[in-house]
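So you can see what is in the structure, the chains are spelled out below.
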Amino acid sequence: MGQPRGLVLLVPPLLEELNKSRRMCALAARALADAGLLVLRMDLHGCGDSSGDLADASWVTWIADVEHSAAWLRSQADGPLFIWAVRGGALLAGDWLARGGGCDGLMLWHPVLEGRRNLLQLLRLAAVAHWQDEHKAGASASALLARLEQGAGAEVAGYVISPKLAKGWSSSRLELPPGFAAPVAVMEMAASGDVQPNRALGEWVARWSGAGQAVLHEKVTGPFFWQTQEIEVSPALIDASCAVLGRWGHAR
Amino acid sequence: MDITKEVLGILDEVLSLNGRAAAFTHDTPLLGAVPELDSMAVVGVINLMEERFDFFVEDDEIDGATFATVGTLVEFIQGKLG
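Since the structure is predicted, the reported quantities are computational estimates derived from the model, not experimental observations.

Asks: What exactly am I supposed to notice about the overall build of chain A here?
Replies: Within chain A, the secondary structure is distributed over eight helices and eight strands. For 252 residues, the compact-globule estimate of 2.2 N^0.38 gives 18 Å, and chain A sits close to it at 18 Å. When its C-alpha atoms are laid out on the principal axes, chain A stretches across 60 × 40 × 35 Å. Of the contacts made within chain A by residues no fewer than 6 positions apart, 74% connect residues no fewer than 24 positions apart. With the model as given, the accessible surface of chain A reaches about 10,500 Å², and the carbon-plus-sulfur share is 49%.

Structural data, given as structure tokens:
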């Protein structure tokens, strides 16, 4: 491969959503590489194949992981750096940008806007496992979150979550830093035949567009692959993503 | 919006039923009757309902009884959308 058209850093979705999204991310990364982009699929500390325990991870160390990965990618080749963030990875990318990170384009796959809701959705796994045993609400997700906020750890579906991780995740909201000049693409998954777009995502796009930010809002019909029981893929999302990053990158 | 149709679509998508949910009626039992509906899947259904219907489910308002049948799930959503 000669000079890449651009560098792409995949900031992955978080924990169980990553588990469901691995195949989709791998296929998209391959397609982007085939389109002439240099793609890095990073691991967050304690997730994926890299060393380290999740129990030792915090939101701050995860942001540092994004920084290290971006620096490494930049050291590999010249070219514009694009962040491709999936679901909760968008929160991390946003917090990284707020702490001085920089990029030439931000592509968000059905981004999480509020960390608290995303974390509660994970904690719900523990709550529901309990009510299936007892057929009543026992350890609720909000009770688990309260314990995390008070400094106790929690284990949910095999994920050991530290209070330090929960605190940063829960308080994170998707924002762009002041003066952010790079283009943003929000890729929203929609069910087939679903005419109603996600209201919160639409409002987010409208808010930033109104503030003068260039935001592309693209709706793609396909499965919510980060949420389904079986591993699902959306070829349409891969095609749309290749088109967006292809436009942003250098011509071949 | 046809809530029942939306619910069947969510069940079909999360549980990967390949269209089987289209034959479900309000009386179709879910929890304990549909083998694909384990606790992981229940959470998937709740999370997807939140995305599709734009509401947030507090854990004290939902339990196994909500997932008894298609009808109980539809009633829950109707209540949320008020």
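Asks: For this particular structure, what's the right way to read the packing of aromatic side chains?
Replies: What characterises a pair of aromatic rings is the spacing of the ring centres plus the angle enclosed by the ring planes. Across all of its chains, the model carries nine aromatic pairs over all chains by this definition. Taking the centre distance of 4.8 Å and the plane angle of 35° together, the rings of Phe224(A) and Trp226(A) count as tilted. Accessibility assignment for this pair places Phe224(A) and Trp226(A) in one class, buried. Ring pairs connect the aromatic residues Trp84(A), Trp109(A), Phe224(A), Phe225(A) and Trp226(A), which therefore count as one cluster. Here Arg52(B) stacks its cationic end above the ring of Phe224(A), 4.5 Å away from the centre of that ring. Positioned over the ring face of Phe55(B) is Lys80(B), at 5.4 Å from the centre of the ring.

Asks: What am I meant to see in the sheet that holds strand E1 (residues 6–11) of chain A here?
Replies: By way of backbone hydrogen bonds, the strands of a sheet pair with one another, either parallel or antiparallel. Residue and element names in this part refer to chain A. What the six strands build is an open sheet, ordered E2-E1-E3-E4-E7-E8; its pairing is parallel. Whereas interior strands pair on both sides, the edge strands pair on one side only; in this sheet they are strand E2 (37–41) and strand E8 (215–221). Along the sheet, successive strands turn relative to each other by an average axial angle of 20°, direction set aside. For E1 and E2, the ladder comprises five bridges, and the chain directions are parallel. Residue pairing for E2: Leu7 is matched across the bridge by Leu38. This element, helix H2 (residues 59–76), spans E1, E2 and strand E3 (81–86) of the sheet and lies at about 160° to E1.

Asks: What's the story with the interface of chain B and chain A in this structure? I'm lost.
Replies: As a measure of interface size, the accessible area lost when the parts come together is often cited. Listed as interface residues are 31 residues of chain B and, on the opposing side, 32 residues of chain A. Linking chain B with chain A are three salt bridges, by the criterion used here. Asp54(B) serves as the salt-bridge partner of Arg199(A), at 4.0 Å between the closest nitrogen and oxygen. There are 14 residue pairs in polar contact (both at pLDDT 80 or more) connecting chain B and chain A. Taken together, the elements giving at least two residues each to the side of chain B that touches chain A come down to helix H1 (3–15) and helix H2 (39–53) of chain B.

Asks: Is there a simple way to explain the state of the cysteines in this structure?
Replies: Covalently bonding the sulfur atom of one cysteine to the sulfur atom of another cysteine gives a disulfide. Going through the model one piece at a time under the given rule, you end up with zero disulfides over all chains. Unpaired in terms of disulfides, Cys242(A) finds its nearest cysteine sulfur in Cys25(A), a separation of 13 Å.

Asks: Sorry, what's going on with the environment of His26(B) here?
Replies: Residues and elements named next belong to chain B. Within the fold, His26 resides in the loop between H1 and H2. Assessed through its relative accessible area of 40%, His26 is described here as partly exposed. Setting aside its immediate chain neighbours within four residues, His26 contacts Thr4, Thr69, Val70, Gly71 and Val74. A distance of 2.9 Å separates the side chain of His26 from the side chain of Thr4, its partner in a polar contact.

Thresholds, definitions, all that
- Residue positions are given per chain, counted from 1 along the sequence in the order it is written.
- Each chain is given a letter, starting from A, and each ligand a number, starting from 1, according to the order in which they appear as written.
- Only residues with pLDDT of 70 or above have their local features reported here, since the model is predicted, and side-chain atom pairs are shown and tallied only from 80 upward, although totals for entire chains, interfaces and linings are computed over all residues.
- Heavy atoms from the whole structure form the basis of all side-chain values; hydrogens and water molecules are not counted.
- Going along the chain from the N terminus, every DSSP run of H or I of four or more residues is numbered as a helix, and every run of E of two or more is numbered as a strand.
- When we talk radius of gyration, it's over C-alpha atoms, and the globule rule is simply 2.2 Å times the number of residues to the 0.38.
- Between two residues, a contact is recorded if the distance between any of their heavy atoms is within 4.5 Å.
- Every accessible area reported is derived by Shrake-Rupley at a probe size of 1.4 Å, with residue values counting cover from the shown protein chains alone.
- Classification of ring pairs rests on two measures: the distance between centres of Phe, Tyr or Trp rings, Trp counted by its six-membered ring, which must be within 6.5 Å, and the angle between planes, read as stacked under 30 degrees, edge-to-face over 60 and tilted in between.
- Categorising residues by exposure relies on relative accessible area from a 1.4 Å probe, with only protein chains included: less than 20% of the type maximum marks a residue as buried, more than 50% marks it as exposed, and the intermediate range marks it as partly exposed.
- Either the NZ atom of lysine or the CZ atom of arginine qualifies as a charge over a ring when it sits within 6 Å of the ring centre and within 35 degrees of the ring normal.
- Any two strands with at least two DSSP-identified bridges between them are counted as paired.
- Angular values range over 0 to 180 degrees, each being the angle between N-to-C directions of two axes fitted as lines to C-alpha atoms, with helices fitted over their stretch in contact.
- Salt bridges are counted wherever a side-chain nitrogen of Lys or Arg sits within 4 Å of a carboxyl oxygen of Asp or Glu.
- Polar contacts here mean pairs of N or O atoms no more than 3.5 Å apart (in protein, one a potential hydrogen donor and the other a potential acceptor; neighbouring residues in sequence count only if both atoms are side-chain atoms).
- Counting rule for disulfides: a pair of cysteine sulfur atoms within 2.5 Å.

Shape is all these values report; function is a separate question.
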